[in-house]
Amino acid sequence: MIVLAGLLIGAAYGAFSARRRGGRGLDMLQYGAAYAIMLALIGLLLTIYLHRTLAG
C-alpha cells in the first residue's frame with residue numbers, strides 16, 4: 001500500500017510541479033512519471049524495511 005500511495009502522490013505532485021513551471025501536457029506526463037517512479041521506489045524500500053523490522 002505504501003508503494004501505491006507513493007506512486008499516486010508522486011504522479012500528482014510531478015504533474016502539478018510541471019504545470020506550475022508552465023509546462024505543457026507532455027511535460028506534466030514526464031514529470032509525473034519521474035516523481036511517481038521515485039516515490040514508488042522510496043515506498044518499496046520503506047515497505048521492505050518495515051517488513052523486516054516488524055516481522056521479527
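Each remark here, short or long, concerns the structure printed above.
Residues numbered from 1 in each chain as written. Predicted model: local features only at pLDDT ≥ 70, side-chain atom pairs only at ≥ 80, totals over all residues. Heavy atoms only, no water.

1. Considerations on the overall build of the protein chain
So, point 1. Within the protein chain, the regular secondary structure consists of two helices and zero strands.
So, point 2. For the protein chain, whose C-alpha radius of gyration is 14 Å, the value lies well above the compact-globule estimate of 10 Å for 56 residues.
So, point 3. In terms of principal-axis extent, the alpha carbons of the protein chain reach across some 50 × 15 × 10 Å.
So, point 4. Out of the 56 residues belonging to the protein chain, those deemed buried represent 16%.
So, point 5. If you take every contact in the protein chain between residues at least 6 apart in sequence, the share linking residues at least 24 apart comes to 53%. (Helix = DSSP H or I, 4+ residues; strand = E, 2+ residues; numbered from the N terminus. Rg over C-alpha atoms; globule rule 2.2 N^0.38 Å. Buried < 20%, exposed > 50% of the residue type's maximum accessible area, 1.4 Å probe, protein only. Contact = heavy atoms within 4.5 Å.)

2. Topic: the side chain of serine 17
So, point 1. In this structure, serine 17 sits in helix H1 (residues 2-20).
So, point 2. By relative accessible area, serine 17 is classed as buried at 3%.

3. Let's talk about the packing of aromatic side chains
So, point 1. Under the definition given, this model contains two aromatic pairs.
So, point 2. Geometrically, the ring pair formed by tyrosine 13 and tyrosine 35 is edge-to-face, given 5.3 Å between the ring centres and 75° between the ring planes. In this pair, tyrosine 13 sits in helix H1 while tyrosine 35 sits in helix H2 (residues 25-54), placing the two residues 22 residues apart along the sequence.
So, point 3. Exposure remark for tyrosine 13: the relative accessible area of 43% places this residue in the partly exposed category.
So, point 4. Measuring from centroid to centroid gives 6.4 Å for tyrosine 31 and tyrosine 35, while their planes differ by 20°, and the two rings are stacked. Taken together, the positions of tyrosine 31 and tyrosine 35, both in helix H2 and four residues apart, correspond to about one turn of that helix.
So, point 5. An aromatic cluster is built from Tyr13, Tyr31 and Tyr35, whose rings are joined through pairwise contacts. (Phe/Tyr/Trp six-rings, centres within 6.5 Å; stacked < 30°, edge-to-face > 60°.)

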